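# Fold and geometry: a report
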Amino acid sequence: AVTLVEGMTPPKPLSQPMPSYPDALKAQGIEGVCVVRYKIDESGAVVGAKLVSGPPGFWPVIAAALRQWRFTPARDASGTAVPLTRTHRFKFGLDTG
């Protein structure tokens, strides 16, 4: 995957459902911020996601949500679709539900 540089067209979200707060973690009062690194392939699908930091108990719901994310693919200066790596922060707080 490439890094977004000047002259490239960034991917645009088409569908980004957010993960739901796991009931078991909510009941235990577990909160946290999870940072995830993922790759958007040439078709705009998310592949190769990895939890970089945060409580691992949230990973199953994050991974399930990421499988549904779709983007217009990133394009290089010549207009060719290219894979791109991005990061996203997911906040799970009892006050945000």
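I will try to describe carefully the structure that is included in this document. No experiment lies behind these values; they were computed from the predicted model shown. (Residues numbered from 1 in each chain as written. Predicted model: local features only at pLDDT ≥ 70, side-chain atom pairs only at ≥ 80, totals over all residues. Heavy atoms only, no water.)

## With respect to the sheet that holds strand β2 (residues 32–40)
Taken in spatial order, the 3 strands of this open sheet run β3-β2-β7, and their pairing is antiparallel. The sheet is open, and its two edges are formed by β3 (46–53) and β7 (84–92), each paired on a single side. Direction aside, the axes of adjacent strands within the sheet are offset by 25° on average. Summarising the sheet, β2 and β7 pair through 9 bridges and their orientation is antiparallel. Opposite Y38, over in β7, you have R86 as the bridge partner. Contacts from helix α2 (residues 59–66) reach β2, β3 and β7 within the one sheet, and its direction differs from that of β3 by about 155°. (Pairing = 2+ DSSP bridges. Helix = DSSP H or I, 4+ residues; strand = E, 2+ residues; numbered from the N terminus. Axes fitted to C-alpha atoms, helices over the stretch in contact; angles between N-to-C directions. Contact = heavy atoms within 4.5 Å.)

## What about the packing of aromatic side chains?
All chains considered together, the criterion is met by 7 aromatic pairs. Centroid distance Y38 to F71: 6.3 Å. Interplanar angle 25°. Geometry classified as stacked. Taken as a pair, Y38 in strand β2 and F71 in strand β4 (residues 70–72) lie far apart in primary sequence, 33 residues in all. Ring centres of F58 and F92 lie 4.1 Å apart, and the angle between their planes is 10°; this geometry places the pair in the stacked category. Of this pair, F58 sits in the loop between β3 and α2 while F92 sits in strand β7, and the two are 34 residues apart along the sequence. (Phe/Tyr/Trp six-rings, centres within 6.5 Å; stacked < 30°, edge-to-face > 60°.)

## Structural notes on the pairing of β3
Two strands pair when backbone bridges link them, and β2 and β3 are joined in this way by 5 bridges, in the antiparallel orientation. Across the sheet, residue V35 finds its bridge partner in β3, namely S53. What sits between the antiparallel neighbours β2 and β3 is a turn of 5 residues, in which G44 has the positive phi angle 95°.

## Let's talk about α2
Taken together, the buried positions of α2 are I62, A63, A65 and L66. Seen end-on, α2 carries its buried residues on one side only, within an arc spanning 160°. Lining the buried residues of α2 we find β2, β3 and β7. (Buried < 20%, exposed > 50% of the residue type's maximum accessible area, 1.4 Å probe, protein only. Arc of directions from axis to C-beta.)

## Description of the nonpolar core
The biggest cluster of nonpolar side chains holds 15 residues, and the ones touching the most others in it are F58, I62, L66, W69, F90 and F92. Contributing elements (two or more residues each) for this core: β2, α2 and β7. Contacts of L66, omitting those with residues within four sequence positions, involve V36, V46, A49, W59 and F90. (Core = buried A, V, L, I, M, F, W, Y, C linked by side-chain atoms within 4.5 Å.)

## Considerations on the environment of V52
With respect to the helices and strands, V52 occurs in strand β3. Looking at V52, the relative accessible area reads 40%, which means it is partly exposed. Measuring from C-alpha to C-alpha, the distance between V52 and H88 comes to 9.9 Å, with 36 residues separating the pair along the chain.

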